[in-house]
Amino acid sequence: FSPAVFPLSCVVQNYSWGKVGLESEVAKLVASGDPLAQIQPDQPYAELWMGTHPRGDALIRDNRIPQKTLGQWIADNPACLGTKVKDAFQGHLPFLFKVLSVNTALSVQAHPNKELAAKLHAQFPEHYPDANHKPEMAIALTPFEGMCGFRPVEEIVSFLQNVPELRALIGEVAAEQLERSGSDDPRGVSAALRVCFTRLMKSEKKFFVDQLNMLVKRISQEVAGGKDTSGSNGDLLLRLHSQYPGDIGCFTIYFLNLVRLEPGEAMFLGANEPHAYLHGDCVEIMACSDNTVRAGLTPKFIDVLTLCEMLNYTPAPSSSKIFPAAQSQLDPHVYLYDPPVPDFTIMRIEIPASIKLYLISAMDSASILLVIQGTAVGTSTAAASEMSLHRGSVLFISANESISLHLSSPDGMLLFRACCLL
């Protein structure tokens, strides 16, 4: 007998932007998932990786299984992926599932589509390590803030009129072109937006640092004088500048939507969508890729030309960036986040306290199950023994296997299940 359902021990990434110690949802999940884990109070806990990525392949916590990691086990047992998934993704798990705890902003970035990814990887393999696209989706666990997509033009124009330092960087010609572009000509609007954003991102370092310092000084004085600085997006500017002083990314707040998610709300980031996570905790799922084109709020390699070329310059209100979950027709406890890409889907499973026995149903895809709250004992014909599930537990479930949960918590359970629905 070889188990096809088993617990995982997952890799933590300690990137500097992560929340520190037990402030971090990642650290809290790790601490409750593994009683032996030592959480360092001054260390950032940024990401928990649940998957087979070579830089963070999950360890199998079942000593009856000879393979050490999930990646090795799937390579030896590719049928566990499910027939369609195995064929469509050449025997690899097509997604990487994560928890993120964001304390300071992540870089302004976008992910290429497959065509561009192949080209970038061929030309610059040291910066673009694979040839795959990287759509991703984030679902808030705590109130979550990010920037995503271009704002409606009237909002950008209003900033151009209220923030002279921004206008100076973009230049009068480009600013007027955007102000004159009419909503009846979406291609003209996108072209004008592209010129403005590219002018900003390619401005001379000394010039933009001077303008940024002037802007920060002016807003700080207005705040000290009790003035309302919302017309210059003052609060966010001062916050980002304190995190990344002198960084061109501080000016992107005038172009990109600020999106606030409540727990359970999601945003989907397709190819070429500019975004930057700012603060909060979320679960995230993405296609298996490391291709990120960055242009600000980061000490890492930045590729402004590629970013400005590739972006989707379609303005839209921030409300349109919230991706809706659909309650499952088959099971009212399941909410589906099913984006317009084949690589992944997430289910949010909310089991009320009144239910004592719940079936995690079989599907024709491998899946990874994460427990956010509640406790249960899980049994499965495909598991070697019963499994104790609690906050922070992560399980791998092979295709066509199910798990019975015998709930023991007074407040029900909250679970996320990552899978691939082809």
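An unreviewed UniProt entry lists the protein chain under the name Mannose-6-phosphate isomerase, from Polioptila caerulea. Taken verbatim from the UniProt record of the protein chain, the Pathway (unreviewed entry) comment is "Nucleotide-sugar biosynthesis; GDP-alpha-D-mannose biosynthesis; alpha-D-mannose 1-phosphate from D-fructose 6-phosphate: step 1/2."

Visitor: For the overall build of the protein chain, give the residues involved together with the corresponding values.
Guide: Looking only at helices and strands, one finds eleven helices and 25 strands in the protein chain. Expected size for 422 residues packed as a compact globule is a radius of gyration near 22 Å; at 23 Å, the protein chain falls within 12% of this value. Projected onto its principal axes, the C-alpha positions of the protein chain cover 70 × 45 × 40 Å. Here the protein chain holds 422 residues, and the buried ones make up 58% of them. Contacts in the protein chain between residues far apart in sequence, at least 24 positions, make up 76% of those at least 6 positions apart. Approximately 17700 Å² of the protein chain is accessible, and the part contributed by carbon and sulfur atoms is 53%.

Visitor: Tell me about the UniProt feature "domain: Phosphomannose isomerase type I helical insertion" (unreviewed entry) in the protein chain, and please be specific about residues and values.
Guide: According to UniProt, the feature "domain: Phosphomannose isomerase type I helical insertion" (unreviewed entry) maps to residues 169-256 in the numbering used here. Secondary structure over residues 169-256 splits into 65% helix and 1% strand, and the C-alpha atoms at its two ends are 17 Å apart.

Visitor: Go over the UniProt feature "active site" (unreviewed entry) in the protein chain, please, and point to the residues and values.
Guide: The feature "active site" (unreviewed entry), as given by UniProt, occupies Arg294 in the numbering adopted here. Residue placement: Arg294 occurs in strand S14 (residues 293-296). Classification of Arg294 by relative accessible area gives buried; the value is 17%. Within the structure, the side chain of Arg294 is placed 3.3 Å from the side chain of Ser107, a separation counted as a polar contact.

Visitor: Quick one: what's the story with the sheet that holds strand S23 (residues 394-397), residue by residue and with numbers?
Guide: Within a sheet, each strand pairs with its neighbour through backbone hydrogen bonds, oriented either parallel or antiparallel. On the basis of which strands lie adjacent, the open sheet formed by eight strands has the order S6-S1-S23-S20-S25-S18-S17-S16 and antiparallel pairing. Looking along the sheet, the strands with just one partner apiece sit at the ends: strand S6 (59-60) and strand S16 (326-327). Bridge analysis of S16 against strand S17 (residues 334-337) gives two bridges, and the strand direction is antiparallel. Note on S17: the bridge partner recorded for Gln327 is Tyr335.

Visitor: Pulling in residues and values, what's your account of the layout of surface pockets?
Guide: There is about 680 Å³ of room inside the largest pocket. Around the largest pocket sit 36 residues that line it, and Tyr15, Gln109, Thr292, Arg294 and Lys300 are the ones nearest its centre. Listed by contribution, the elements that provide at least two residues to the lining of the largest pocket are strand S5 (47-50), strand S7 (95-102) and strand S13 (275-287). Top contributing element to the lining of the largest pocket by residue count: S13, with five residues.

Visitor: Give me the lowdown on the pairing of strand S24 (residues 403-407), citing residues and values where you can.
Guide: Every second residue of S24 is oriented toward a common face, the buried set being Ile403, Leu405 and Leu407 and the non-buried set Ser404 and His406. As judged from the four bridges shared by strand S19 (residues 357-360) and S24, these two strands associate in the antiparallel manner. Considered in S24, the bridge of Leu359 is made with Ser404.

Thresholds, definitions, all that
- Residues numbered from 1 in each chain as written.
- Predicted model: local features only at pLDDT ≥ 70, side-chain atom pairs only at ≥ 80, totals over all residues.
- Heavy atoms only, no water.
- UniProt positions renumbered as here; feature names shortened; annotations may be inferred.
- Helix = DSSP H or I, 4+ residues; strand = E, 2+ residues; numbered from the N terminus.
- Rg over C-alpha atoms; globule rule 2.2 N^0.38 Å.
- Buried < 20%, exposed > 50% of the residue type's maximum accessible area, 1.4 Å probe, protein only.
- Contact = heavy atoms within 4.5 Å.
- Areas by Shrake-Rupley, 256 points an atom, 1.4 Å probe, with all protein chains shown as cover.
- Polar contact = N/O pair within 3.5 Å; in protein donor to acceptor, adjacent residues only side chain to side chain.
- Pairing = 2+ DSSP bridges.
- 1 Å grid on protein atoms, 1.4 Å probe; cavity = no way out; pocket = protein on both sides within 12 Å on 5 of 7 lines; lining within 4 Å.
- Points joined across faces, edges and corners; volume = space filled by probe spheres on them.

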